[in-house]
Amino acid sequence: MLASDSQMAGSSRINEARLAGLAYLVIILCGVWAEGVARPGLIIAGDAVETSAAVLGSLVMFRASLVADTVMALADVTLAVLLFRLLWNAGPGLALAALAFRLVQATLIGASLIALALVPDLAEAGQADLALMMTALHGTGYDIGLIFFGVNCLLMAVLLRRSGGVPGAIAYGIGAAGLVYLAGSYLRLIAPDLYPAFEPAYAVPLLAESAFCLWLLIRGRV
């Protein structure tokens, strides 16, 4: 009976880990598509008129990117809860802190979508400058959210090393991703002219988080 209970508990953890991997996959796909594919061609920095024209000319794409961001935020909250449950034994205090920082990130990114959702209406009303300002407000909210996520990544790196369920390279990669998010977001806030040279560093989070996502999906262990 005890062996059966232990097997059920192990199976439950594997299922939760794989569900976490699925949530992570949704986050990566939605986030990369919305921020990296759908919107870059629609928001022209410093050009309010062109931005309004691009958004109004591709309303379906723009609104689809908003939907993708909301799905990403929902998956982020789901992932935060699942990782909290899975990593509780590796350090209750750290797991709780990681949960809190990730939830703050999801809250800030979700709240910043309010500004972005106003852009089409402002563009249609001929308020191009205000529409562009809303895109900038969204970008700032996103960057501040990533500061909290950067701290989450550093905490996650410690938890993953303690848990022993993932390769060390993945744990350290998540920690490195946290440093990239922190550095990139602070550069955007205090030294935006230096940010373009730093952008290639975001390959580190993409690789590290993709590796962690695949580990969760395939191995179901943390």
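Counting starts from 1 at the beginning of each chain's written sequence and moves along it residue by residue. Where totals are concerned, whole chains, interfaces and linings use all residues; where local detail is concerned, this predicted model gives features only for residues with pLDDT of at least 70, and gives and counts side-chain atom pairs only at 80 or more. Side-chain measures were taken over the full set of non-hydrogen atoms in the model, leaving aside hydrogen atoms and water.

A. Up close: the layout of surface pockets. In the cavity and pocket records, a cavity denotes points on a 1 Å grid over the protein atoms alone where a 1.4 Å probe fits but cannot get out, a pocket denotes an open set with protein on both sides within 12 Å along at least 5 of 7 lines, and lining residues are residues with an atom within 4 Å of a point. Grid points are joined across faces, edges and corners, and a volume is the space filled by probe spheres set on the points. Here the largest pocket defines a volume of roughly 1,400 Å³. The wall of the largest pocket is formed by 40 residues, among which Glu35, Tyr142, Asp143, Arg188 and Tyr195 lie closest to the centre. Only DSSP runs of H or I with at least four residues qualify as helices, and only runs of E with at least two residues qualify as strands; both kinds are numbered from the N terminus onward. For the lining of the largest pocket, the elements supplying multiple residues, two or more each, are helix H1 (2-38), helix H3 (59-87), helix H4 (92-117), helix H6 (128-163), helix H7 (168-190), helix H8 (195-198) and helix H9 (203-218). The dominant element in the lining of the largest pocket, judged by the number of residues it contributes, is H6, at 10 residues. Taken together, the residues that form the lining of the largest pocket break down as 23 nonpolar, nine polar and eight charged. Gly is placed with the polar residues, together with every amino acid not listed as nonpolar (Ala, Val, Leu, Ile, Met, Phe, Trp, Tyr, Cys and Pro) or charged (Asp, Glu, Lys and Arg).

B. Region of the structure containing the nonpolar core. We define a nonpolar core as any set of buried Ala, Val, Leu, Ile, Met, Phe, Trp, Tyr and Cys residues linked to one another through side-chain atoms lying within 4.5 Å. Buried, partly exposed and exposed residues are distinguished by accessible area as a fraction of the type maximum, computed with a 1.4 Å probe on protein chains only: under 20%, between the cut-offs, and over 50%, respectively. Formed by 40 residues in total, the largest nonpolar core has its most connected members in Tyr24, Met156, Leu160, Ile174 and Phe212. Secondary-structure elements contributing two or more residues to this core are H1, H3, H4, H6, H7 and H9. The contact criterion used is simple: two residues touch if any of their non-hydrogen atoms lie within 4.5 Å. What Met156 contacts, discounting residues up to four positions off in sequence, is Leu83, Leu87, Ala98, Ile174 and Phe212. Counting residues in hydrophobic clusters, the runner-up holds 13 residues, among them Leu42, Ala54, Leu59 and Val119.

C. Local environment of helix H2 (residues 48-57). Within H2 the residues assigned to the buried category are Ala48, Thr51, Ser52, Ala54 and Val55. All buried residues of H2 project into a common sector of 165° when viewed along the axis, lining one side. Those residues of H2 that are exposed and angled more than 90 degrees off the buried face are Val49 and Gly57. Where H2 is buried, its residues meet H3, helix H5 (119-124) and H6. Here a polar contact is recorded for every N or O atom pair within 3.5 Å, except that within protein the pair must consist of a potential hydrogen donor and a potential acceptor, and residues adjacent in sequence are included only if both atoms are side-chain atoms. Structurally, the start of H2 carries an N-cap: the backbone nitrogen of Val49 is 3.4 Å from a side-chain oxygen of Asp47. Arc definition: directions from the helix axis to the C-beta atoms.

D. Representation of empty space enclosed by the protein within the structure. All chains considered together, the criterion is met by two cavities of 30 Å³ or more. Approximately 60 Å³ is the volume found for the largest cavity. In terms of lining residues, the largest cavity is bounded by Ala80, Leu83, Phe84, Leu87, Ala95, Ala98, Leu99, Arg102, Asn152, Met156 and Leu159. Where the lining of the largest cavity is concerned, the elements lending two or more residues are H3, H4 and H6. Looking at the lining of the largest cavity residue by residue, the classes come out as nine nonpolar, one polar and one charged. If you add up the space inside the second largest cavity, you get close to 50 Å³. Per-element tally for the lining of the second largest cavity: the top contributor is H6, with four residues. Grouping the amino acids of the lining of the second largest cavity by side-chain chemistry returns seven nonpolar, one polar and one charged.

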